[in-house]
Amino acid sequence: MAKVSMVQRDLKRTRIVKKYAEKRKELKAIIMNKSISLEERFEAQLQLNKLPRNSSKARQRNRCQVTGRPRGFYRKFKMSRIALRELAAFGMIPGVTKSSW
């Protein structure tokens, strides 16, 4: 199990990302638009820099839904390799079987 504080910190980041997603999208569109004057684009860049760092999606970490483990994460199942192996062995994940040849 991961530390509860780390899991909660990541949940907080997820909420902040959702909160500022639209604002960041608008500012990035202004910054990338070459037809807008350089001063307006620079002002948009300054506003983007004033937003909280944790509002960036790149600061989020994929974590296992079962254990909170940050490494060995499978996106398709949203869990770590260890939790996936345990649940698959008990047949609790539909469509997943143990391979043998």
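This text gives an overview of the structure that appears in the document. As the structure is a prediction and not an experimental result, all values here were calculated from the model.

### Some thoughts on the overall build of the protein
Secondary structure assignment for the protein yields three helices and two strands. Counting from the amino terminus, helix and strand elements in the protein follow one another as α-α-β-β-α. With 101 residues in all, the protein has 22% of them scored as buried. For the protein, the proportion of contacts with a sequence separation of at least 24, taken over those separated by at least 6, is 37%. As displayed, the protein offers around 8500 Å² of accessible surface, 54% of which is attributable to carbon and sulfur atoms. Averaging the positions of the 27 positive and the 7 negative side-chain charges in the protein gives two centres separated by 14 Å.

### Examining unusual backbone geometry
Glycine aside, residues mostly have negative phi, and peptide bonds are mostly found in the trans state. With phi around 55°, Lys78 is a residue other than glycine that occupies positive phi space. Structurally, the position occupied by Lys78 is in the loop between β1 (73–74) and β2 (79–80).

### Some thoughts on the packing of helix α1 (residues 4–32) against helix α2 (residues 38–50)
Direction vectors running N to C along α1 and α2 enclose 150°, while the axes themselves pass 8 Å from each other. Judged by the angle between their axes, α1 and α2 are roughly antiparallel. Between α1 and α2 the crossing geometry is left-handed. In contact with Lys23, Arg24, Leu27, Lys28, Ile30 and Ile31 of α1, α2 contributes Glu40, Arg41, Ala44, Gln45, Gln47 and Leu48.

### With respect to a positive patch on the surface
A surface patch of like charges, here positive, comprises Lys3, Arg9, Lys12 and Arg15. For Arg9, the position within the fold is in helix α1. For Arg9, a relative accessible area of 43% puts it in the partly exposed group.

### Re the environment of Ala21
Assignment of secondary structure puts Ala21 in helix α1. Considering only alpha carbons, one finds Ala21 and Ser55, 34 residues apart in sequence, at a separation of 7.4 Å.

The rules behind these values
Residues numbered from 1 in each chain as written. Predicted model: local features only at pLDDT ≥ 70, side-chain atom pairs only at ≥ 80, totals over all residues. Heavy atoms only, no water. Helix = DSSP H or I, 4+ residues; strand = E, 2+ residues; numbered from the N terminus. Buried < 20%, exposed > 50% of the residue type's maximum accessible area, 1.4 Å probe, protein only. Contact = heavy atoms within 4.5 Å. Areas by Shrake-Rupley, 256 points an atom, 1.4 Å probe, with all protein chains shown as cover. Lys, Arg positive; Asp, Glu negative; His and termini not counted. Charge placed at Lys NZ, Arg CZ, Asp CG, Glu CD. Axes fitted to C-alpha atoms, helices over the stretch in contact; angles between N-to-C directions. Parallel < 35°, antiparallel > 145°, perpendicular 65-115°, else oblique. Left-handed = near helix turned anticlockwise from the far one by under 90°. Patch = residues over 30% accessible without salt bridge, like charges linked within 9 Å, V, L, I, M, F, W, Y side chains within 5 Å. Salt bridge = Lys/Arg side-chain N within 4 Å of Asp/Glu carboxyl O.

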